[in-house]
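# A look at the structure
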Amino acid sequence: MSGDNYHVGDKVIMNGGTNNTGIVKNAAPAAMDPELASAIAELTEELRHLRAQVSPLGAQTIDESLPALAPDAVVQPQARTRALMAVAGVAATAGALGVPIIEAVNRILQLLGAQ
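Calculation criteria
Residues numbered from 1 in each chain as written. Predicted model: local features only at pLDDT ≥ 70, side-chain atom pairs only at ≥ 80, totals over all residues. Heavy atoms only, no water. Axes fitted to C-alpha atoms, helices over the stretch in contact; angles between N-to-C directions. Helix = DSSP H or I, 4+ residues; strand = E, 2+ residues; numbered from the N terminus. Parallel < 35°, antiparallel > 145°, perpendicular 65-115°, else oblique. Left-handed = near helix turned anticlockwise from the far one by under 90°. Contact = heavy atoms within 4.5 Å. Nonpolar A, V, L, I, M, F, W, Y, C, P; charged D, E, K, R; others polar. Polar contact = N/O pair within 3.5 Å; in protein donor to acceptor, adjacent residues only side chain to side chain. Expected span 1.5 Å × (residues − 1).

### Thoughts on the packing of helix H1 (residues 34-51) against helix H2 (residues 56-69)
It is at 10 Å that the axes of H1 and H2 come closest, and there the two elements cross at 160 degrees. Classified by the interaxial angle, the pair formed by H1 and H2 is roughly antiparallel. Once H1 is placed against H2, the crossing between them reads as left-handed. Counted together, Ile-40, Leu-43, Thr-44, Leu-47, Arg-48, Leu-50 and Arg-51 of H1 and Ala-59, Ile-62, Asp-63, Leu-66 and Leu-69 of H2 form the full contact between these two elements. Split into classes, the residues belonging to the contact of H1 with H2 amount to 8 nonpolar, 1 polar and 3 charged.

Encoded structure:
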């Protein structure tokens, strides 16, 4: 079998061209743990309530973070963790209003194994 070539995984060869964007993966995402999905849905609802109570910059941070926090969002774990940290920062500036959000973020981070 000398000289046989074996390849496992993606292989990309690009010779010239313009506007090459790389590989498009169309694999279905893994199903999210129901407990995690529920915790994220609860956090999202809490954030919608907090949004009206914070500064415009805080509201913008929440708005920018919500897409990565959606239970059905297909995002890298690092992107979701960054979004969680961002909303925890906003919640920390909101005093007592932010306490439930900080607790929810900590719970989600534990479920994700990031804490």
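So that's the structure; there's more coming.
### Looking at the environment of Thr-93
By secondary structure assignment, the location of Thr-93 is in the loop between helix H3 (77-92) and helix H4 (99-112). Placed 35 residues apart in sequence, Thr-93 and Gly-58 show a C-alpha to C-alpha distance of 8.9 Å. Within the structure, Thr-93 has its side chain in polar contact with the backbone oxygen of Val-90 (distance 2.6 Å).

### A few points about H2
Taking 1.5 Å per residue, 14 residues should reach 20 Å; H2 reaches 20 Å between its end C-alpha atoms and fits that length. Those residues of H2 that are buried are in contact with H1 and H3.

### Structural notes on the environment of Leu-69
Examined against the element boundaries, Leu-69 turns out to sit in helix H2. With 18 residues separating them along the chain, Leu-69 and Val-87 place their C-alpha atoms 10.0 Å apart. Each residue touching Leu-69, except ones within four places of it in the same chain, is listed here: Ile-40, Leu-43, Thr-44, Leu-47, Arg-80, Ala-83, Leu-84 and Val-87.

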